[in-house]
Amino acid sequence: MKAIVIYFSRADENYFGGSLKYIDKGNTEIVAEKIKEITNADLFKVERKKDYAKEYMKCIEEAKIEQQNNERPELKSYLDDINNYDVIFIGSPIYWGTMPQAMFTVLDRLDFNGKIIMPFTTHEGSGLANVVRDIKKCAKGAIVKEGLAILGSSANDSKSKLQTWIDNNL
Ligand SMILES: Cc1cc2nc3c(=O)[nH]c(=O)nc-3n(C[C@H](O)[C@H](O)[C@H](O)COP(=O)(O)O)c2cc1C
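Residues numbered from 1 in each chain as written. Predicted model: local features only at pLDDT ≥ 70, side-chain atom pairs only at ≥ 80, totals over all residues. Heavy atoms only, no water.

## Focus: the site of the ligand
Right, so step 1: Contacts to the ligand come from 21 residues, most closely from S9, T28, I94, T122 and S126.
Right, so step 2: S9 places a side-chain nitrogen or oxygen 2.6 Å from an oxygen atom of the ligand.
Right, so step 3: If the ligand stood free it would expose 640 Å²; the protein chains cover 93% of that surface.
Right, so step 4: Elements that contribute at least two residues to the shell around the ligand include exactly α1 (27–39), α2 (56–68) and β6 (116–123). (Near = heavy atom within 4 Å. Polar contact = N/O pair within 3.5 Å; in protein donor to acceptor, adjacent residues only side chain to side chain. Areas by Shrake-Rupley, 256 points an atom, 1.4 Å probe, with all protein chains shown as cover. Helix = DSSP H or I, 4+ residues; strand = E, 2+ residues; numbered from the N terminus.)

## With respect to α2
Right, so step 1: Between the first and last C-alpha of α2 there are 18 Å, a value that for 13 residues agrees with the 18 Å anticipated at 1.5 Å per step.
Right, so step 2: Taken from the residues just after α2, N70 is the one with a positive phi, measuring 50 degrees. (Expected span 1.5 Å × (residues − 1).)

## Here we look at the packing of helix α3 (residues 101–109) against helix α4 (residues 131–138)
Right, so step 1: Their axes nearest at 9 Å, the elements α3 and α4 cross at an angle of 35 degrees. Contact residues: α3 offers F104, L107 and D108, while α4 offers D134, I135 and C138.
Right, so step 2: The residue inventory of the contact of α3 with α4, partitioned by class, reads 4 nonpolar, no polar and 2 charged. (Axes fitted to C-alpha atoms, helices over the stretch in contact; angles between N-to-C directions. Contact = heavy atoms within 4.5 Å. Nonpolar A, V, L, I, M, F, W, Y, C, P; charged D, E, K, R; others polar.)

## A word on the pattern of salt bridges
Right, so step 1: The final tally for this structure, using the stated rule, is 12 salt bridges.
Right, so step 2: In this structure, the salt-bridge partner of K159 is E37, at a minimum N-O distance of 2.7 Å. Of this pair, K159 sits in helix α5 (residues 159–169) while E37 sits in helix α1, placing them 122 residues apart in sequence.
Right, so step 3: With a closest N to O distance of 2.5 Å, R72 and D108 form a salt bridge. Of this pair, R72 sits in the loop between α2 and β5 (87–93) while D108 is found in helix α3, placing the two residues 36 residues apart along the sequence.
Right, so step 4: Taking the relative accessible area as the measure of exposure, R72 reaches 36% and is therefore partly exposed. (Salt bridge = Lys/Arg side-chain N within 4 Å of Asp/Glu carboxyl O. Buried < 20%, exposed > 50% of the residue type's maximum accessible area, 1.4 Å probe, protein only.)

Printed below as a string of structure tokens:
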């Protein structure tokens, strides 16, 4: 079984338990790296060509507008295909109830037919929100497994939860 983790994650200023602080590594990236430790998956980080603002409140506004316009922002680099992989972990923070639009840029371009998808999110209370539904809409022909939601501030302590989710679904 060969796996890849396709994920978006933003460092810079974010909310933790009610206060704003700057971080070097985003929550979803922390989780993606733990999945790599468990499954030996490759990692593909989805990066917008133009980064979101470093300030949380500005980023919130940018992400809202981008979602309202259903944009497909340009990326720094693209995945040509996922032919070599059986399992695709799709990881994302929740932005306004679903994934940041850059994730849709990626999903729209790939052929998921026959692939196993393992969706996961990090969030501040919304859980999986609409992510599993939205992945199913884009990834036609894929087998979408049970999603896993991890509270952002618990990302560092998520390894045993991830192990159980992977053992139960793969
Ligand atoms: C633009 C933006 C929108 C967000 N919207 C939601 C939301 O609707 N529900 C929620 O639970 N958390 C929301 N959050 C919190 C993030 O999902 C959470 O902090 C996540 O762990 C960030 O992941 P990252 O550090 O990998 O980028 C939002 C954060 C940002 C920056």
